[in-house]
Every structure is written in C-alpha cells, then in structure tokens.
Amino acid sequence: MTDATADTAESGRIAAFFDLDKTVIAKSSILAFTRPFFEHGLLNRRAVLASSYAQLLFVLSTVDQERVDRMREHIAQMCKGWDVEQIRSIVNETLDEIVTPLVYAEAKDLIADHLARGHDVVIVSASGEEVVTPIAQALGASYSAASRMRIVDGRYAGELEFYCFGEAKSTAIRELAVEHGYDLTRSYAYSDSATDVPMLQAVGKPRAVNPDRALRRIANENRWPILNFTRPVPLSRRVRPSAKGLIRLAAAGASAALITGAAVYLAGRRHDPRRHPRPLRLPS
C-alpha cells in the first residue's frame, strides 16, 4: 500500500488547511498592494497613510476593538465604487513582483509534502477571495475559502458579504469536510494567530506556525507542534507536484487586493457573518 493510499484508506480523505498571511507568506497579502493602487490613482496619499497606519496596528496587535471596527468601515467605504475589472488588471500585472518574494520555503516544502501524500491542500484566509483564490491556485491548492465583498454592477459596494475570520474559518472547514469527505480527526491545520484557534481546534492535527504570543501559549498548553518558517523564496510559474513530491509555485492573476484585505485584516475579534462561506474550487 502506498503512503497516499494509507493516508486515505482508514476513514475518509485528509486535508491540510493553511492560513495565508504570516503562515504561507511572510506578510499581509493585502496591504502589500497599497503601492500599485496608489500608482494607478485609486488611492491618494491620505489613504496610503491610513493603510500604513493600519499595517502598523496589525503588526503591533494591540489596537482596541472599537478602533479596529472604525478602520474596517473606513477602508471598506474607501474602496466603494472601484471597478472590479480594473482592480483585476492592476493586481494581475503586479502579483509576481509583490507576492513571489513572500512565500516561505518551509511552507512551500510542506505543501509539496501534503500533495505528494495525496492530501488536499486548502487555503483558508480572512483576506479577500479575489486575492486568496489565485494565490491558492499558484500554490497548487484544490480549494480556498476567504472573505468576500458585495459586488453591484461590476463595482465593489463597500460591504463585507462574508467575513472568513475566527469561528467562520472553522465553519468553512467543516462545510468542506462534509462536501468532500474529509476526516477532520486526521486532517491538519496551520496558522500563526490565536484568532485561528477555532480553525486549529477543528482538526486532529493542529500546527502553530510562527505563533503570536497568545497562540504560542495555547499551543504549549495543548502540546501542539510549533513550526518556525523564516526563509521567503520566489514562486515559479506553475505549480504541480512531481512524482517525488516537489512543487513548483507560480504567480497567477488576482484581483481586488486592498478591497477586502485591509478591512478584513483589521477586523478585530467580532463579526457575525450573515451568510455561510463559499469554498472555491480552483481550476486545474
């Protein structure tokens, strides 16, 4: 029996669920796109400063909930009316430059290993689905679940339709498990943040990656393995695991980077999603 067969024969398929920012890539996938949006006239200097401040708050992780909620509303409204196709074009042109240097070599190898063992790889992120989906595709993932903005007549309406954060991530994981027959007790989850504890608790094999202080404490208390990723490496142009389990990582087209992202990233500790997540099947 092959390793892949052994991994799936017992009681259902196995999945590996990965948070994106600071787990697979070395920084915020969304706020990294501030510069190209500014250069194309979608953001003025004041908005860029606001985004920089938002990034600072994210790094410090000490901002209070009220300020986080105000920032989320501000950024969502700032993006209201942006043309979806224009955003896709801008991000598609700049994704290689912005995202390719950010992927951790350790994450790349780990994803390759899961794929070689016959596991599904799923990216689960609070960032916008327009950014998460193409990055997930580049990484060779089968599915992704992410936040999404409401679109009206081809433009962003300035409202979150679904916020893939906290408990909502575990909801997305469980729905994918039902749909695709995953055995969550034998599946994996990887994240850097204590806000993803529900996601980590949803599987039998949680892993803390570059954990923040709170997650490190929780991981130690629960004896979860702690992984340290330190070496960002470039992506290559297309992702397929080889027979030896190697993976070639690619940069694919994306869209709407800042839109859901900065708002989502700073969304704090509360949000009651009105709709269920919509896991995405990625094209092969």
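Since the model is a prediction, treat every value here as computed from it, not as a measurement. (Residues numbered from 1 in each chain as written. Predicted model: local features only at pLDDT ≥ 70, side-chain atom pairs only at ≥ 80, totals over all residues. Heavy atoms only, no water.)

(A) Structural detail: the overall build of the protein chain. Assigned secondary structure in the protein chain consists of eleven helices and ten strands. By residue count, 57% of the 284 residues in the protein chain fall in the buried class. In the protein chain, 69% of the contacts between residues at least 6 apart in sequence involve partners at least 24 apart. Working note: accessible area of the protein chain is about 12,800 Å², and carbon and sulfur atoms make up 48% of it. (Helix = DSSP H or I, 4+ residues; strand = E, 2+ residues; numbered from the N terminus. Buried < 20%, exposed > 50% of the residue type's maximum accessible area, 1.4 Å probe, protein only. Contact = heavy atoms within 4.5 Å. Areas by Shrake-Rupley, 256 points an atom, 1.4 Å probe, with all protein chains shown as cover.)

(B) Broad picture of the environment of H114. Looking at the element boundaries, H114 is found in helix α6 (residues 105-116). C-alpha separation for the pair H114 and A15, spaced 99 residues apart in sequence, amounts to 8.3 Å.

(C) Looking closely at the side chain of R186. You can see R186 is positioned in the loop between α8 (167-180) and β6 (188-191). A distance of 3.3 Å separates a polar atom in the side chain of R186 from the backbone oxygen of G12. (Polar contact = N/O pair within 3.5 Å; in protein donor to acceptor, adjacent residues only side chain to side chain.)

(D) Expanded view of the nonpolar core. Counting residues in each nonpolar core, the largest one holds 29 residues, and the members touching the most others are F18, L20, V24, I111, I123, L139 and Y190. Listed in part, the 26 residues of the second largest apolar core include Y182, L184, A208 and I218. (Core = buried A, V, L, I, M, F, W, Y, C linked by side-chain atoms within 4.5 Å.)

(E) Fine view of helix α5 (residues 84-99). Of all bends in α5, the biggest is about 40°, found at E93. Every buried residue belonging to α5 is among V84, I87, I90, V91, T94, L95, I98 and V99, and all of these are buried. Two or three places before E85, at the opening of α5, D83 has a side-chain oxygen 3.1 Å from that residue's backbone nitrogen. (Bend = angle between axes of the 7 residues up to and from the residue.)

(F) Expanded view of unusual backbone geometry. Even without being glycine, D153 reaches a positive phi, approximately 55°. On the secondary structure map, D153 appears in the loop between β4 (143-152) and β5 (155-162). The backbone phi angle of N210 is positive, close to 45°, even though this residue is not glycine. Turning to its location among the elements, N210 is positioned in the loop between β7 (205-209) and α10 (213-222).

(G) Looking closely at the pattern of salt bridges. In the structure shown here, the tally under the stated rule is nine salt bridges. Of the charged contacts, one joins R13 and D120 as a salt bridge, the two residues approaching to 2.6 Å between their closest N and O atoms. You can see R13 sitting in the loop between α1 (3-9) and β1 (15-18) and its partner D120 sitting in strand β3 (residues 120-128), a full 107 residues away along the chain. Judged by relative accessible area, R13 falls into the partly exposed class, the value being 35%. Ionic pairing is found between D113 and R117, a salt bridge with its closest N-O pair at 3.2 Å. A residue is classified by how much of its surface remains accessible, and D113, at 34% relative accessible area, is partly exposed. According to the relative accessible area criterion, R117 is partly exposed, its value standing at 23%. In this structure, a network of salt bridges that share partners links the residues D19, K169 and D196. (Salt bridge = Lys/Arg side-chain N within 4 Å of Asp/Glu carboxyl O.)

(H) Spotlight on the pairing of β4. Across the ten residues that make up β4, a large majority, seven, are buried. Bridge analysis of β3 against β4 gives five bridges, and the strand direction is parallel. The residue bridging V124 from the neighbouring strand is A145, located in β4. Where the polypeptide runs from β3 across helix α7 (residues 129-138) and back to β4, its parallel neighbour, the crossover connection is right-handed. Two elements, β4 and β5, share four bridges in a ladder whose sense is antiparallel. What sits directly across from R148, in β5, is F162. Remark: two residues form the turn of the hairpin made by β4 and β5, two consecutive strands paired antiparallel; D153 in that turn has positive phi of roughly 55°. (Pairing = 2+ DSSP bridges. Right-handed = clockwise from strand over helix to strand, strands pointing away.)

(I) Representation of the packing of aromatic side chains within the structure. Within this structure, the stated rule accounts for five aromatic pairs. Summarising the aromatic geometry, the rings of Y188 and Y190 are spaced 6.4 Å apart at their centres and angled 5° between planes, so their arrangement reads as stacked. The exposure class of Y190 is buried, given its relative accessible area of 3%. (Phe/Tyr/Trp six-rings, centres within 6.5 Å; stacked < 30°, edge-to-face > 60°.)

(J) Main features of α7. Within α7, nine of the ten residues are buried, leaving the element largely enclosed by the surrounding structure. In the segment just after α7, G140 is the residue with positive phi, at about 85°.

(K) Region of the structure containing the confidence of the model for the protein chain. Scored by pLDDT, the protein chain has a mean of 74; 64% of the residues are at 70 or more. Here residues 1-6 is modelled with pLDDT under 50, and outside its nearest four sequence neighbours on either side it reaches five contacts, counting other chains as well. Every residue in residues 56-64 is under pLDDT 50, and counting partners more than four places away or in other chains gives nine contacts. (pLDDT = per-residue confidence, 0-100.)

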